[in-house]
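One letter stands for each residue in the lines below.
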Amino acid sequence: MKLLTLALALIVLAMIAKTYLFSFRFQSPEDYADKGPQFILTKHLSGEILSEGVIFGPAGKMANSFTARMVGEWDGDTGTLSEEFTYSNGVTQSRKWFLTLGPGNTFTATADDLAGEAKGIVSGATVQLTYEIILPESAGGHTLQATDWLYLTANGVIMNKSEMRKFGLKAAELVATMRPAS
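Along each chain, residue indices are assigned from 1 in the same order as the chain's sequence is written. Reporting of local features is limited, given that this is a predicted model, to residues whose pLDDT is at least 70; pairs of side-chain atoms are given and counted only at 80 or more, and all residues count toward the totals for whole chains, interfaces and linings. The basis for every side-chain value is the complete set of non-hydrogen atoms in the structure, without hydrogens or water.

1. Let's talk about the environment of F66
Short version of the rule: Only DSSP runs of H or I covering at least 4 residues are called helices, and only runs of E covering at least 2 are called strands; the numbering of each starts at the N terminus. Here, residues are in contact when the closest pair of their heavy atoms is within 4.5 Å.
You can see F66 is positioned in strand β2 (residues 62-75). Here the alpha-carbon distance between F66 and G141, two residues 75 residues apart in the chain, equals 20 Å. Every residue in contact with F66, bar those within four places of it in the chain, is listed here: S51, E52, G53, V54, I55, F85, T86, Y87, L174 and A176.

Listed below in structure tokens is the structure:
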């Protein structure tokens, strides 16, 4: 019995270690500080951007897909990123991010469907953004903790991976591409 209890405890510890030490959540901006090309918000989130992506539910199955047309505009240290989404289930959604560059490589962002302010950091070829998003009532109205990572590739395409969590458990995951329209 003691051996079985020990084995179960080791399995639980291994699962916890994997979740916190060897997963998407474990990466940090410092991991990418010396990776190029350099992500410049005012350059790479400017103009018209096309996006395509998929959303996975908590069981890892694709729940929806989308296309989006975005427009980024900057005036000094402040900018907007307007997004128009069309989902595979026919639903459309608009979001407008208000971005403000901060000291160093930091920035903040707000949008109507966020609870509070998003905090971001640019590091090498990446951007990390953390925030709380409020889902529409049609999707349950839940508030989820989101972590977005944007990875700039050598050809200028941005790969986006996001995890949304509720009570520390993964509720959804998003994978998308973002590329200049022209």
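2. Section: the sheet that holds strand β8 (residues 143-152)
Note the cut-off: By this definition, two strands are paired if DSSP reports at least two bridges between them. Angles here are taken between N-to-C directions and fall from 0 to 180 degrees, while the axes themselves are lines fitted to C-alpha atoms, restricted in helices to the stretch in contact.
Read around the barrel, ten strands follow the order β1-β2-β3-β4-β5-β6-β7-β8-β9-β10 and close on themselves; strand pairing throughout is antiparallel. Between one strand axis and the next, the sheet turns through 25 degrees on average, direction left out of account. As judged from the four bridges shared by strand β4 (residues 92-101) and strand β5 (residues 106-110), these two strands associate in the antiparallel manner. Pairing of F98 across the sheet is with T110, part of β5.

3. Some remarks on the packing of aromatic side chains
Formally: We call Phe, Tyr and Trp rings a pair once their centres come within 6.5 Å, taking the six-membered ring for Trp, and we label the pair stacked below 30 degrees between planes, edge-to-face above 60, and tilted otherwise. Throughout this description, buried means an accessible area under 20% of the type-specific maximum (1.4 Å probe, protein chains only), exposed means over 50%, and partly exposed covers the range between.
On inspection of all chains with the given rule, the structure shows five aromatic pairs. Taking 5.5 Å as the distance between ring centres and 70 degrees as the angle between the ring planes, the aromatic pair formed by F66 and F85 counts as edge-to-face. Separated by 19 residues along the polypeptide, F66 in strand β2 and F85 in strand β3 (residues 78-87) bring together distant segments of the chain. For F85, a relative accessible area of 8% puts it in the buried group. The structure contains a cluster of three or more aromatic residues connected by ring pairs, namely F66, F85 and Y87.

Read these as geometric descriptors, not functional statements.
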